[in-house]
Amino acid sequence: MNNSSLVFHENNDSDGCPSGLSINHVFQYFACVSMKTFSSQNDTLEFLIYITGWTYVISWIISSYPQLIVNQRLRSVAGLSLNFLLFNIVGHLSYSIYNVCYYFVPVVGEAYRREHPNGTSPVYLNDVGFAVHSLIINLLIGLQCLIFERGDQSVNLGVLIFLCSLGLCAIFLGILTCLNRFQLLSFVDFFGSIKILLTVIKCTPQVYYNYCRQSTIGWSILAVNLDMVGSILSIAQMALAAFKDDDWKSLIGNFGKLGLGLVSMFFNLIFMVQHYLLYSGNNLVPTSSITSIQIDSDDPEEKKLSHKSDNNNNNEAPELHDNS
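Parameters at a glance
- Residues numbered from 1 in each chain as written.
- Predicted model: local features only at pLDDT ≥ 70, side-chain atom pairs only at ≥ 80, totals over all residues.
- Heavy atoms only, no water.
- Helix = DSSP H or I, 4+ residues; strand = E, 2+ residues; numbered from the N terminus.
- Contact = heavy atoms within 4.5 Å.
- Areas by Shrake-Rupley, 256 points an atom, 1.4 Å probe, with all protein chains shown as cover.
- Phe/Tyr/Trp six-rings, centres within 6.5 Å; stacked < 30°, edge-to-face > 60°.
- Buried < 20%, exposed > 50% of the residue type's maximum accessible area, 1.4 Å probe, protein only.
- pLDDT = per-residue confidence, 0-100.
- Expected span 1.5 Å × (residues − 1).
- Axes fitted to C-alpha atoms, helices over the stretch in contact; angles between N-to-C directions.
- Parallel < 35°, antiparallel > 145°, perpendicular 65-115°, else oblique.
- Nonpolar A, V, L, I, M, F, W, Y, C, P; charged D, E, K, R; others polar.

### Digging into the overall build of the protein
Thought 1: Secondary structure summary: the protein contains 12 helices and two strands in total.
Thought 2: In sequence order, the protein lays out its α and β elements as β-β-α-α-α-α-α-α-α-α-α-α-α-α.
Thought 3: Contacts in the protein between residues at least 24 apart in sequence constitute 80% of all its contacts with a sequence separation of at least 6.
Thought 4: Carbon and sulfur atoms provide 66% of the accessible area of the protein, an area that totals close to 17,700 Å².

Listed below in structure tokens is the structure:
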């Protein structure tokens, strides 16, 4: 047999990978295929990160509107805790500062890359859009509270003192950061921590308020459902990004976003239990009675009319109040 028949010639396949039967060529071929597969996998992950990111933002953005619509239809905010709303406004303000700094301030991005050299920015444009939009919507709901009937509710003095204390802490840390006595990244993360803290606290008054009324009338369950979907997808986006970069520390590094998603999921579950299980029967009352319940007028004549309206509708079949 001629020795030339044992020589394998190096060729390239249609994908640019070497072909041939020598051991060296086999290793080269599998290395090339592995790199192409890895590149394709990264493209798929980038696509999934993009889709989950914008889907959760859209879900959270839409979730801001049902409560606004319910208040407008009832011409009342009696089903909404004012303490919850105030916590929500300050929380979204803090979260907007957190996201805007990470996304638009170069020095913050450089500080993050020094601590996470293999990771990417934990904040995307959709995070900024969600935070700013939510702040605007909650300010509009706050305006509704100044216009519509809110019953005998008032903001707790302790809530005001607590929020003012957080504001003073932020100012103090800001001064220390300017004097290089406090790390810039820690200062920005402080606003993310405020958002997490207020997310925990803000839902507690609403849960208690629903408990006292034994009802979720006037509190939009559609907003809760959409918020739950957004929370799950938010955490999914972070997990996909950490998997793509092989940097699971970055998942914990973005403590603000991770904590926000987990806490929101926990309280959304409580609201779902209240609405669908605990107080579902109490939400099945005549619509006219609900309207009169929401009115807390000092005029005796109006109270008589409301009472008369209730009596006239005692025999009506109960219908589910618009609580979307």
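### Some remarks on the packing of aromatic side chains
Thought 1: Summed over all chains, the structure comprises 14 aromatic pairs.
Thought 2: Relative to Phe 191, the ring of Phe 187 has its centre 5.2 Å away and its plane inclined at 80°; by these criteria the two rings are edge-to-face. Taken together, the residues span about one helical turn, with Phe 187 and Phe 191 both in helix H7 (residues 184-213) at a distance of four residues.
Thought 3: What makes Phe 187 buried here is its relative accessible area of 16%.
Thought 4: A connected cluster of aromatic rings, assembled from ring pairs, spans Tyr 56, Trp 60, Tyr 95, Tyr 98, Tyr 102, Tyr 112 and Phe 130.

### A word on the confidence of the model for the protein
Thought 1: Counting all residues, the mean pLDDT for the protein is 77, and 70% of those residues have values of 70 or more.
Thought 2: For the protein, helix H11 (residues 287-294) is the element with the lowest average pLDDT, namely 41, and helix H6 (residues 157-178) is the one with the highest, namely 95.
Thought 3: Below pLDDT 50 for its whole length, residues 33-38 participates in three contacts with residues either more than four positions away or in separate chains.
Thought 4: Residue range residues 286-321 is modelled with pLDDT below 50. Its contacts to residues more than four positions away, or to other chains, number 32 contacts.

### Here's the deal with H7
Residues spaced three or four apart along an α-helix point in a common direction, a consequence of the helix completing one turn every 3.6 residues.
Thought 1: The end-to-end C-alpha distance of H7 is 45 Å, a good match for the 44 Å that 30 residues give at a rise of 1.5 Å each.
Thought 2: With its phi angle positive at about 55°, Gln 214 sits one or two positions after the end of H7.

### Quick look at unusual backbone geometry
Thought 1: Backbone geometry places Asn 180, a non-glycine residue, at a positive phi of 60°.
Thought 2: With respect to the helices and strands, Asn 180 occurs in the loop between H6 and H7.
Thought 3: Phi at Gln 214 takes a positive value of approximately 55°, unusual for a residue other than glycine.
Thought 4: With respect to the secondary-structure elements, Gln 214 resides in the loop between H7 and helix H8 (221-245).
Thought 5: According to the relative accessible area criterion, Gln 214 is partly exposed, its value standing at 33%.

### A word on the packing of H6 against H7
Thought 1: The N-to-C vectors of H6 and H7 enclose an angle of 170°; their axes lie 9 Å apart at closest approach. It follows that H6 is roughly antiparallel to H7 by the angle criterion. The segment H6 lies against H7, with Phe 162, Leu 163, Leu 166, Cys 169, Ala 170, Leu 173, Gly 174 and Thr 177 engaging Leu 184, Phe 187, Phe 190, Phe 191, Ile 194, Leu 197, Leu 198 and Ile 201.
Thought 2: Along the lines of polarity and charge, the residues of the contact of H6 with H7 split into 14 nonpolar, two polar and no charged.

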